[in-house]
Amino acid sequence: LYTTLIRFDGEKVKVTRGPTFKPPNATLLREIGAQLQSAADRGATVELRALIERAYEELGEKREVEGGKLYATPDRLRELYRRARAKERRLNREWRNRVVAWLRRTVRENADARAVVLVDEVTVETAQSGMLRRVRRKLMNLCAYEGAEYLPLRASGKLCPKCGMKGVEVAHRVYRCPRCGLEWNRDRCATFALALNYAKITENEALYRALLEWLNEHPRALLG
């Protein structure tokens, strides 16, 4: 989750790169949980040493295996499944709370200005899209409480923010405009494009010009 702070005084903008919130890697926990549940549903009692050892490792525990064997009962598998799912939910909840805490602090530190929170809408279903939707709901509630405007928009990180031309990928998630030569990081550019789109839909020509002027002055700012 990439963030960018843009402050507009009516003439010029100040753009500051915000933190990047990397979601927890709960994929392995999810996979282990699915295997544990499947084995429990089958009533498995065969040796499942590798699976159970992986589960304990992901739970941050180390279990000694006597005689090199570790057998599993369905009840034991279900208990490990519940614990794996609980840890996955806890990691995701902690990640969402970090995002919300940062935004709350940012809004309050800039209480002298009108705050508008622009969020890129998730339209493609992925393993993380559900988690992003949940954090968006929390951000929307936070904005309502803090008196900030919450506005979901769409922004493409593949289009040149200067001229709108579709970029060519020249490195991993790095694009170059074939028309004007600008290079940008796809994820970083999307946050800036949100501000451009906001200026368009609100018909704020001064903000739109200020954003483009800033980009002309800092042509490499959207890289990295």
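Thresholds applied
Residues numbered from 1 in each chain as written. Predicted model: local features only at pLDDT ≥ 70, side-chain atom pairs only at ≥ 80, totals over all residues. Heavy atoms only, no water. Core = buried A, V, L, I, M, F, W, Y, C linked by side-chain atoms within 4.5 Å. Buried < 20%, exposed > 50% of the residue type's maximum accessible area, 1.4 Å probe, protein only. Helix = DSSP H or I, 4+ residues; strand = E, 2+ residues; numbered from the N terminus. Contact = heavy atoms within 4.5 Å. Polar contact = N/O pair within 3.5 Å; in protein donor to acceptor, adjacent residues only side chain to side chain. Pairing = 2+ DSSP bridges. Axes fitted to C-alpha atoms, helices over the stretch in contact; angles between N-to-C directions. Salt bridge = Lys/Arg side-chain N within 4 Å of Asp/Glu carboxyl O.

## What to know about the nonpolar core
Thought 1: In this structure, Val13, Trp184, Phe192 and Leu211 are the most contacted members of the largest nonpolar core, which totals 25 residues.
Thought 2: For this core, the elements supplying multiple residues, two or more each, are strand E2 (13–20), strand E4 (149–153), helix H5 (186–201) and helix H6 (205–217).
Thought 3: The leading source of residues in this core is H5, at eight residues.
Thought 4: Grouped together as the second largest cluster of nonpolar side chains are 16 residues, Val99, Trp102, Val107 and Val117 included.

## Details of the environment of Glu183
Thought 1: The topology assignment puts Glu183 in strand E7 (residues 183–185).
Thought 2: For the pair formed by Glu183 and Leu223, sequence separation is 40 residues and the distance between their alpha carbons is 6.8 Å.
Thought 3: The residues contacting Glu183, other than those within four sequence positions of it, are Tyr175, Arg176, Pro219 and Leu223.
Thought 4: A distance of 2.6 Å separates polar atoms of two side chains, one belonging to Glu183 and the other to Arg176.

## Quick look at the environment of Lys158
Thought 1: Within the secondary structure, Lys158 is located in the loop between E4 and strand E5 (168–171).
Thought 2: Exposure remark for Lys158: the relative accessible area of 31% places this residue in the partly exposed category.
Thought 3: The sequence separation of Lys158 and Ala190 amounts to 32 residues, and the corresponding C-alpha distance is 8.1 Å.
Thought 4: The residues contacting Lys158, other than those within four sequence positions of it, are Met165, Lys166, Gly167, Tyr175, Trp184 and Arg186.

## Some details on the sheet that holds E5
Thought 1: One open sheet accounts for three strands, arranged E5-E6-E7; its pairing is antiparallel. Taken across any chain shown, the strands that pair with only one partner, and hence form the sheet edges, are E5 and E7. For this sheet the average axis-to-axis angle between neighbouring strands, irrespective of direction, equals 40 degrees.
Thought 2: In terms of strand pairing, E5 meets strand E6 (residues 174–176) through three bridges, oriented antiparallel. Bridge pairing in E6 places Glu169 opposite Tyr175.

## Structural notes on the pattern of salt bridges
Thought 1: What the rule picks out here adds up to 10 salt bridges.
Thought 2: Among the ionic pairs, Asp120 bridges to Arg154, the shortest N-O distance being 2.6 Å. Of the two residues, Asp120 sits in strand E3 (residues 116–120) while Arg154 sits in the loop between E4 and E5, which places them 34 residues apart along the sequence.
Thought 3: Across the pair Arg136 and Glu121 runs a salt bridge whose closest N-O atoms are separated by 3.2 Å. Taken as a pair, Arg136 in helix H4 (residues 129–146) and Glu121 in the loop between E3 and H4 lie far apart in primary sequence, 15 residues in all.
Thought 4: Under the relative-accessibility criterion, Glu121 is labelled partly exposed at 28%.

## Comments concerning the environment of Ala199
Thought 1: Tracing the chain through its elements places Ala199 in helix H5.
Thought 2: A sequence separation of 12 residues divides Ala199 from Leu211, and the C-alpha atoms of the two residues are 9.1 Å apart.
Thought 3: Discounting chain neighbours no more than four positions away, the residues touching Ala199 are Asn204, Leu207 and Tyr208.

## What to know about the pairing of E2
Thought 1: Of the pairings in the sheet, the one linking strand E1 (residues 2–8) to E2 comprises six bridges and is antiparallel in character. Across the sheet, residue Thr4 finds its bridge partner in E2, namely Arg17.
Thought 2: Remark: four residues form the turn of the hairpin made by E1 and E2, two consecutive strands paired antiparallel; Gly10 in that turn has positive phi of roughly 105 degrees.

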